[in-house]
Each structure stands twice: as C-alpha cells, then as structure tokens.
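This is what each chain is made of:
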Amino acid sequence: MPLFLAMPPWCDVTLYQMAARNVLRGGTHYRDIFDTNLPGFVWLMTGAKLLFGWSTVALRAVDLVVIGAVTAALCRFVRRCGGGRDTVAWLAAAVALFYPFTSEFNHVQRDPWMLLPATVAAWLRFRRVRTASRTALLEGVLWGAALWLKPHVVVPALAVWAVSAALLARHESRGSVLRDLAALVCGGALAGVPGIAWLIATGAWPHFLDIFLNWNPAYLADNAPLAARIGGLFEMHRPWGVLHFVALPLAALALWDAWVWSSTPGPPAGGFRPTRWYAPAQSEGAAAARAILAALYLGWVAQAVGLQKGLDYVYVPVTLLAFAVVAAQRWCFGFLYLLWFVAVGGLLNLADAYPHDVAPLVHKLDPADAKGKFEKHVLADGEVMKLWVRAITEGDTPELRDRVGQYTGVHCGTNWEDLTSVADHLRSIQPPLGAGELNCWHDSTHPLYLMLDLDPATRYMHYGTAFDIKELGPPPPGQKSKREQIADAVRASRQRYVVSDLLRTTHDPRAPYRPESWRGGDPLPVWLPDHERQKFPWNQPVVFRSGRYVVHQIDPSVPLGEIRVPDWNSLDELLTPQPVKPNGVSLFR
C-alpha cells in the first residue's frame, strides 16, 4: 500500500487532471483541452478534485477503493458460482498480488474503473434471471454510466444480455424478454441524457462532435495488427496473462454447462463429470451465475482485442475477470502464483548474491532473450522493499517517485527530480509566466502545468498523439489537415517558453545522462542531427537543461520553422538524413 501510493501519476492522469481543472474554472472541454475520449472520466476526476484536492496520493487511494469494490463484486459472483470461502480469499489475494504491483501506466485509468459499474450491472442481470427482479432500468443506468467512460463496454453488455435472454426464455414469454430489453435501453438513455445536456450547456457539444467525427475515425483506425493485440492478452501482464489459456476454455464450458442455447428449463447440462480441472455447476443457479460471468469475460476479451489499442491498462480488467472465471471453478490459483513468486524471487536473489555459481543456472533455465523471462515480484525485491518505510514517512517525493516508478525511464514517463528542477527554474523567470505562455511539448513534461498552476499554450497536450492522427483522405476544400491545424495553433499561441524531452529523440533512455552525448558550447546532444535542429522546438534558444529536459525561450526573430513530433516507430529514420523524393517532396513530415 505505501509503495503504491508513492508511485508517480501517468501522463494520462495529468491530462485528465488538467481537464478537470479546466472544467472547474469554467472552461469548455474539448475546446480548451483536446481529448479523443468521452467525458465520463473527466467528470470523475472533477469529483475527486472537489473531494480530495490535487493530491496524487488521495487519487491513488481512490483508485484502490475502486479496484477493491471490483474485487468485492467479483468475489460475490464467485460465491454464487459455487466457490468457497477459501477460493474467494485466494481470489482477493491474487488481486492484491497483481494490481498494486503493475506499472503506473495501469493505475487511475478508465478501463479498470468502468469494470465496477459493468460488474454490478452483470450481477443485477443474474438476479433478474434467478429471481425475476425488476432491476433492468437500474442495470441500464449502470451500463450507460460505464459507456461514458468508454463506448467499448457495449460489447460485454450485449454478451451478458444475450446469455440472460436465452436463460429467461425458458421461463418467460418473448414479450416479457423484449420488455426487459426495453427497460434496459431506457436505463442507458437515462444515463446518457444528463451527459448530453452537460455537453450542450457548457458549450462543448460542437467541439465534441468535431473531435468524434473528424479526428477519432483516423485515430481509431491506426491500430496494431489483430494478432499483436491477441498476443498482448497473454503476454502483457505476465505471468498473470497465461491464466487466459485456462479462463477462455473454462468460460466456454460454463456456457455449455448452463445449456444457454436450450429453451428447456432444468438442471445444468451435466455433460462433464467432476475432474481435477473442471467441476460442473451443482445447481441451476450456479450454472446461471457462471454463464453470466463467462459472458462478461468473453465480451470483454472481444472488445479488448478486437476494438481497442493494445495498451497495458486495457488488459487489466480482462485479467481481473479471468481471475473470477478460474476461481468460479474453486481453483485457489492465487496460492499457486504466490508459490511461483517465492520460488522465482528466491532463485533470482540467490543469483544476485552468487553471480558466479547461481547466475549461470538461471541463464540456462531462462535465457535473456526468452519470452518467458523470469521476473522478480516487487515483494521479493529487497532494494524496493527498503523504500517501504520511506514511503510512509516521506510520501511521494520526487526522488521516491523516481525510485518506485516502473516507467520513469521512457519518453512518456516523467523523471520527477529532473522536472522539479525545471519547475524551479521556470518559477524564477521574470516577468513570471502567465496563462498560455508555457508550452510543454512532450508527454512527460505535462505535470509542469499543475506544478506551476498554468494553462497550456494550446488545447493540445499529447502532441505526439495528435500529430500521429493521420488523414483518412484529402481534407474537405478550404479545411487544413489535422497536422496543419496543430501547427497553426502553436504559431498563434502566446508561448514564451517551451519544455522538451530529449528521450523523445532517442531509443536509449540513458543517452541524455552520458557525458559523451555532449560537447562544449553545444546545448543540444550530439545525436540530434542538423536537419532536426532546424525544426521546432530545437531551433529555439536553450536557456536551461536538467537531465533529459530542455527549456527553450521563444525568440521572435527566429522563425518557428517546421512544427511536428516525429513518429516514434520511425524515429531512427527521421534522425538520419534521407534523400529527397524525385518529385521534390521531403521524406520528413
């Protein structure tokens, strides 16, 4: 718990904190802060700000409460599926071993949070099947609330309803099932109306439509191959991801066990006898609970790999659902994972203590280039566990954030000590910086807006993401391309200073800290070629540097030049001079 609370916020969290601050100050979302998502998470962040202030520790505590509530809901499901108290206890233990020790990329994110209303809605659907309770309207409200976080939740909602409709058809007329669906849809509409009213009342509606109609189609179309996203399901949070190899067939068997395609009421299909790996449901109620839970899980898998980008946090809720599906078979898998972490942690600690004797054995068991590489759990890492007391007594200091953060060495993760030095320098500037006069060019620099209480120079915060949204076709006559719109906003801004991150120009996270990367009299690193130095922001005078961060002062006499953020996947090509195309169009964008 203390180490989790001391971890740094991810750049997505900073974006939504900025959006919440903008809303609370009377700003207009989408117009003032560019956001490709529905506004549900902004509302939640606004509520958190009103209740707890800007404390990241408090926000992380809220995150733990949400995940704890999800775990409680899943445990209740598992109990109804036939799981015992020991099974539920080890399910909770598995969540405790998994979620707090994932990277900061996964924390305070929309996908894990929308699992809470979705799981409660699925529980109400189960009650509707078993007790004929009239809760469809409330269930629809919950699904609608989840949809304001991400529309992808429609897929598991449809899966859950389809399974429930098959089960309801055994006892009720078709008209009753359709009325139930109508109540469900009405509940979703009730959740939608206040949100639409808010968009209209705050003036955000036209800007919302502009982003969702003109920007998002291209943003969503640019995705990793389906095979890579399927692979991510099993590999993203290893070794936990391998549980999907078990959960997927168990979910399919749960649907078979409930005989979901049959309109004949009765006990479970019973096509499988109890074995060590599969135990049929002992009652029709347990079979129905397993079927609803399986539908929620399989629907979530479908939208996670079929519709979403393969980002770390996308796989968190589907992993938690896999936990529940496996626990529904009364498997105490959390205990097995605990044994694994103890064994691997002990082995790797021995390898550290005896590099000549034990380390070669570890390399034979797990070569460095193997996909199933041994990983030491944080609880087995003595160096990290030494920080436990400091996390309690000192809180989330910049130095401690850098120590416990797992992604502080990537271009979208912040180095907090370096950035704090930049903030101190910017505070000393005279005259002081005002609203719109600071432009944080790269993702990891965004916390400066909150540290200095400044509004950004433009509405675009994740410039790299915005510049990467390609055109699906020629822009309409008289309308500029998306990249030109972004560049025009930068040119028209009131920016006086720009803060850039050198890690966005190299794949080597240690490069900015190596002495050989610098030469006397040159404020920029040796690896940055001349053709890049002529582009914004590198062509503006450098007045300060702290580690990987560079502060540029805008010189009105120096043209801003080409404004763009290089595509990360083709960074090596962009940093190497390329020949000009025969038609005279540069290969650089």
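Refer to the preceding data block for the structure.
Reading the values: the criteria
- Here, residues in each chain are numbered from 1, in the same order as that chain's written sequence.
- In keeping with the model being predicted, local features are shown solely for residues with a pLDDT of at least 70 and side-chain atom pairs are shown and tallied solely at 80 or more, while totals for entire chains, interfaces and linings include all residues.
- Where side-chain values are given, they derive from all heavy atoms of the structure, hydrogens and water being excluded.
- Each helix is a run of DSSP H or I of at least 4 residues and each strand a run of E of at least 2, with the numbering of both proceeding from the N terminus.
- A radius of gyration in this sense is built from C-alpha atoms; the matching globule rule multiplies 2.2 Å by the number of residues raised to 0.38.
- Only protein chains enter the accessibility calculation, which uses a 1.4 Å probe; a residue whose area is less than 20% of its type maximum is buried, one above 50% is exposed, and one in between is partly exposed.
- It only takes one pair of heavy atoms within 4.5 Å for two residues to be counted as in contact.
- Each accessible area is a Shrake-Rupley result for a 1.4 Å probe, and residues are judged covered by the shown protein chains and nothing else.
- As used throughout, the charge tally considers Lys and Arg to be positive and Asp and Glu to be negative, leaving His and the chain termini uncounted.
- The atom standing in for a charge is NZ when the residue is Lys, CZ when it is Arg, CG when it is Asp and CD when it is Glu.
- Two strands qualify as a pair provided that DSSP identifies no fewer than 2 bridges between them.
- The axes are straight lines fitted to the C-alpha atoms, using for helices just the contacting stretch, and the angles between their N-to-C directions are given from 0 to 180°.
- For salt bridges, the criterion is a side-chain nitrogen of Lys or Arg within 4 Å of an Asp or Glu carboxyl oxygen.
- Patch membership requires over 30% relative accessible area and the absence of a salt bridge. Like charges are linked within 9 Å, and nonpolar side chains (Val, Leu, Ile, Met, Phe, Trp, Tyr) within 5 Å.
- To qualify as a nonpolar core, a set must consist of buried Ala, Val, Leu, Ile, Met, Phe, Trp, Tyr and Cys residues joined through side-chain atoms within 4.5 Å.
- Only Phe, Tyr and Trp rings are paired, with Trp represented by its six-membered ring, and only when their centres lie within 6.5 Å; those with planes under 30 degrees apart are stacked, over 60 edge-to-face, the remainder tilted.
- A 1.4 Å probe that fits but cannot get out identifies a cavity on a 1 Å grid over protein atoms alone, an open set with protein on both sides within 12 Å along at least five of seven lines counts as a pocket, and a residue lines either if it has an atom within 4 Å of a point.
- Grid points are joined across faces, edges and corners, and a volume is the space filled by probe spheres set on the points.
- Put simply, angles under 35 degrees are roughly parallel, angles over 145 are roughly antiparallel, angles from 65 to 115 are roughly perpendicular, and the rest are oblique.
- Throughout this description, a polar contact denotes any pair of N or O atoms lying within 3.5 Å of each other; where both atoms belong to protein, one of them has to be capable of donating a hydrogen while the other can accept it, and for residues adjacent in sequence the pair is counted only when both atoms sit in side chains.
- Defined by distance alone, a disulfide is two cysteine sulfur atoms within 2.5 Å.
- Any helix carries an expected span of 1.5 Å times its number of residues minus one.

J.: Pulling in residues and values, what's your account of the overall build of the chain?
T.: Within the chain, the secondary structure is distributed over 25 helices and four strands. In summary, the chain has a C-alpha radius of gyration of 26 Å against a globular reference of 25 Å for 589 residues, a match within 12%. Across its three principal axes, the chain shows a C-alpha extent of roughly 80 × 70 × 55 Å. Expressed as a percentage of the 589 residues in the chain, the buried residues total 53%. Once local pairs closer than 6 in sequence are excluded, the contacts in the chain between residues at least 24 apart make up 72%. Of the accessible surface of the chain, which amounts to about 25,500 Å², a share of 63% is contributed by carbon and sulfur atoms. Mean positive and mean negative side-chain charge positions of the chain (54 and 49 charges, respectively) differ by 8 Å.

J.: Can you lay out the sheet that holds strand β4 (residues 549-553) for me, pointing to particular residues and giving the numbers?
T.: If you trace the four strands from one edge of the open sheet to the other, you get β1-β2-β4-β3, paired in mixed fashion. Each edge of the open sheet is held by one strand with a lone partner, namely β1 (438-440) and β3 (542-546). Each neighbouring strand pair of the sheet contributes to a mean axis angle of 20°, computed without reference to strand direction. Pairing of β3 with β4, which is carried by four bridges, proceeds in the antiparallel orientation. In the strand pairing of β4, valine 542 is matched with histidine 552.

J.: I'd love a proper account of the pattern of salt bridges, names of residues and values included.
T.: A complete count under the given rule lists 31 salt bridges for this structure. For glutamate 139, the salt bridge is made with arginine 125, and the minimal N-O distance between the two is 2.9 Å. With glutamate 139 in helix α7 (residues 136-147) and arginine 125 in helix α6 (residues 110-131), this pair connects stretches of sequence that are 14 residues apart. Note on glutamate 139: relative accessible area 1%, which makes it buried. We classify arginine 125 as buried; its relative accessible area is 0%. Linking aspartate 522 and arginine 519 is a salt bridge whose minimum nitrogen-to-oxygen distance equals 3.1 Å.

J.: An account of a nonpolar patch on the surface is requested, with residue identities and associated values reported.
T.: Residues Leu24, Leu50, Leu51, Phe52 and Trp54 make up a contiguous nonpolar surface patch of roughly 530 Å² in combined accessible area. Note on placement: leucine 24 falls in helix α2 (residues 11-24).

J.: Give a detailed account of the nonpolar core, specifying residues and quantitative values.
T.: Within the largest apolar cluster, 116 residues are counted, with the highest numbers of intra-cluster contacts made by Phe323, Phe333, Leu426 and Leu438. Looking at which element gives the most residues to this core, the answer is helix α13 (residues 284-306), with 14 residues. Contact partners of phenylalanine 333, with chain neighbours within four places excluded, come to Leu91, Ala94, Trp240, Leu243, Phe323, Val326 and Ala327. By size, the runner-up hydrophobic cluster in this structure holds 25 residues, among which are Tyr30, Ile486, Val490 and Ile563.

J.: Any details on the packing of aromatic side chains? Residues and values, ideally.
T.: Tallied over the entire structure, the rule returns 32 aromatic pairs. Relative to tyrosine 407, the ring of tryptophan 10 has its centre 5.8 Å away and its plane inclined at 65°; by these criteria the two rings are edge-to-face. Of the two residues, tryptophan 10 is situated in the loop between α1 (2-6) and α2 and tyrosine 407 in the loop between α19 (398-404) and α20 (416-427); the sequence distance between them amounts to 397 residues. Judged by relative accessible area, which is 27%, tyrosine 407 ranks as partly exposed. Plain terms: the ring middles of phenylalanine 77 and phenylalanine 126 are 6.4 Å apart, the flat faces sit at 50° to each other, and that makes the pair tilted. Of the two residues, phenylalanine 77 is situated in helix α4 (residues 56-80) and phenylalanine 126 in helix α6; the sequence distance between them amounts to 49 residues. The buried category is assigned to phenylalanine 126, whose relative accessible area is 3%. Members of the aromatic cluster, each reached through a chain of ring pairs, are Phe98, Trp240, Phe323, Phe333, Tyr337 and Phe341.

J.: Which residues make up unusual backbone geometry, and what values do they have?
T.: Across the chain, the bulk of peptide bonds are trans and the bulk of non-glycine residues have phi less than zero. A cis amide bond links arginine 238 to the next residue, proline 239, at an omega of 5°. Inspection of the secondary structure assignment puts proline 239 in the loop between α11 (226-235) and α12 (244-257). The step from phenylalanine 536 to proline 537 runs through a cis peptide bond, and the omega angle for that step is 0°. With respect to the helices and strands, the residue proline 537 is situated in the loop between α24 (530-533) and β3. In the Ramachandran plot, arginine 330 falls in the positive-phi region, its phi being about 65° despite a non-glycine side chain. Positionally, arginine 330 belongs in the loop between α14 (315-327) and α15 (333-353). The class for arginine 330 is partly exposed, based on a relative accessible area of 35%.

J.: Can you tell me about the layout of surface pockets, naming the residues and giving the values?
T.: Approximately 670 Å³ is the volume attributed to the second largest pocket. Around the second largest pocket, the lining is made up of 29 residues, and of these Phe101, Thr102, Ser103, Val378 and Gln406 lie nearest the centre. For the lining of the second largest pocket, the secondary structure elements donating two or more residues are α1, α5 (85-98) and α19.

J.: Hey, could you go over the pairing of β4 for me, with residue numbers and the actual values?
T.: In summary, the side chains of a regular strand alternate between the two faces of the sheet. With four of five residues buried, β4 lies mostly within the body of the structure. Here strand β2 (residues 497-501) runs beside β4; their pairing, made up of five bridges, is antiparallel. Looking at the pairing, tyrosine 497 lines up with glutamine 553 of β4.

J.: Give me the lowdown on the packing of α2 against helix α3 (residues 40-52), citing residues and values where you can.
T.: How two helices sit against one another is set out by the angle between their axes and by the gap between those axes. Running from N to C, α2 and α3 cross one another at 75°; their axes reach a closest spacing of 8 Å. If you check the angle between α2 and α3, you find them roughly perpendicular. Contacts between α2 and α3 involve Val13, Tyr16, Gln17, Ala19, Ala20, Val23 and Leu24 from the first element and Phe41, Val42, Met45, Thr46, Lys49 and Leu50 from the second.

J.: Give a description of the side chain of arginine 533 that names residues and reports values.
T.: As for its placement among the helices and strands, arginine 533 is situated in helix α24. Take arginine 533: its relative accessible area is 15%, and that puts it in the buried class. Only 3.0 Å separates the side chain of arginine 533 from the side chain of aspartate 522, close enough to count as a polar contact. The contact partners of arginine 533, leaving out residues within four places of it in the chain, are Arg519, Asp522, Leu524, Pro525, Val526, Leu528, Trp538 and Asn539.

J.: Before we move on, could you go through the state of the cysteines and cite the residues and values that matter?
T.: Per the counting criterion, the structure on display carries zero disulfides. In this model cysteine 332 remains outside any disulfide bridge; the closest cysteine sulfur is found in cysteine 75, 12 Å from its own.

J.: Describe α13, naming the residues involved and giving the relevant values.
T.: Compared with an ideal rise of 1.5 Å per residue, which puts 23 residues at 33 Å, α13 spans 32 Å between its outermost C-alpha atoms and is within 8% of the ideal. Most of α13 sits inside the fold, with 19 of its 23 residues counted as buried.

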